[in-house]
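Descriptive structure summary
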Amino acid sequence: MPTENLQKNTVISIDTPSLRNALGSFATGVTVITALGIKGQKVGMTANSFSSVSLDPALVLWSIGRDSNCFDDFIAAKAFAIHMLTSDQQELSNRFARTGSDRFAGLDCPEGVMGIPLLPHSSACFQCTIEHQYDGGDHVILVGKVVEFTDNGHNPLIFHRGNYASLQGA
């Protein structure tokens with residue numbers, strides 16, 4: 001339906017599980033986002049909502065669900081790091097997707113910009129300061145200004161239709 005035919009107050013009913021399944025048909029890379037929490041503790045979570053925004057200035061974005069257990073920590077953070085996981089880091093992705101455990105247990109995480117924890121062995125890592133936060137419905141979109149980055153050139157961990165995948169022929 002053309003957008004000019006939609007009225008401002010039109011309510012559209014969408015089958016949420018079907019929408020989620022359709023959105024899952026878009027293959028994405030898998031990232032772990034880290035920051036320092038409100039009390040100075042390390043916080044991190046798995047996310048596949050990463051996107052580049054601009055090269056000049058260097059901006060990237062990701063989004064966090066309002067129901068995330070570390071939502072308040074990320075919203076209050078002044079900086080964060082986005083780690084693009086490698087094809088052999090499925091366990092790390094699962095670790096940071098779980099709740100109720102110390103996600104950083106046994107990991108040697110050097111400090112990055114503003115003390116944010118950096119995970120070892122990522123394919124690429126973008127250290128960012130918060131540039132903007134935008135309302136995104138049941139999520140908040142966080143835009144970060146890239147202040148440092150590394151690119152190790154490894155094959156990425158991919159997520160497609162609810163499962164991990166790999167590049168063919170890689």
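Everything numeric in this text was worked out from a predicted model, so none of it was measured.

Ordered in space as β3-β2-β6-β7-β8-β5-β4, the seven strands form an open sheet in which the pairing is antiparallel. Taken across any chain shown, the strands that pair with only one partner, and hence form the sheet edges, are β3 (42–47) and β4 (51–55). On average, each strand axis in the sheet is tilted by 30° relative to the strand beside it, whichever way the strands run. Contacting β2 (31–36) and β3, helix α3 (residues 90–97) runs over the sheet at an angle of about 115° to β3.

Our next topic: the sheet that holds strand β10 (residues 163–165). With respect to topology, three strands assemble into an open sheet ordered β1-β9-β10, the strand pairing being antiparallel. Each having just a single partner strand, β1 (28–29) and β10 make up the two edges of the open sheet.

So, about the packing of aromatic side chains. Here the structure, examined in full by the defined rule, presents six aromatic pairs. Geometrically, the ring pair formed by phenylalanine 50 and phenylalanine 126 is stacked, given 5.9 Å between the ring centres and 20° between the ring planes. On the criterion of sequence distance, the pair formed by phenylalanine 50 in the loop between β3 and β4 and phenylalanine 126 in strand β7 (residues 124–136) is long-range, its members being 76 residues apart. Residues tryptophan 62 and phenylalanine 74 carry aromatic rings whose centres are separated by 5.1 Å and whose planes lie at 80° to one another, so their mutual orientation is edge-to-face. In this pair, tryptophan 62 sits in strand β5 (residues 58–65) while phenylalanine 74 sits in helix α2 (residues 71–76), placing the two residues 12 residues apart along the sequence. Each member of the pair, tryptophan 62 as well as phenylalanine 74, is classed as buried. Three or more aromatic residues joined by ring pairs form one cluster here, namely Phe50, Phe126 and Phe149.

Basis of the calculations
- Residues numbered from 1 in each chain as written.
- Predicted model: local features only at pLDDT ≥ 70, side-chain atom pairs only at ≥ 80, totals over all residues.
- Heavy atoms only, no water.
- Pairing = 2+ DSSP bridges.
- Helix = DSSP H or I, 4+ residues; strand = E, 2+ residues; numbered from the N terminus.
- Axes fitted to C-alpha atoms, helices over the stretch in contact; angles between N-to-C directions.
- Contact = heavy atoms within 4.5 Å.
- Phe/Tyr/Trp six-rings, centres within 6.5 Å; stacked < 30°, edge-to-face > 60°.
- Buried < 20%, exposed > 50% of the residue type's maximum accessible area, 1.4 Å probe, protein only.

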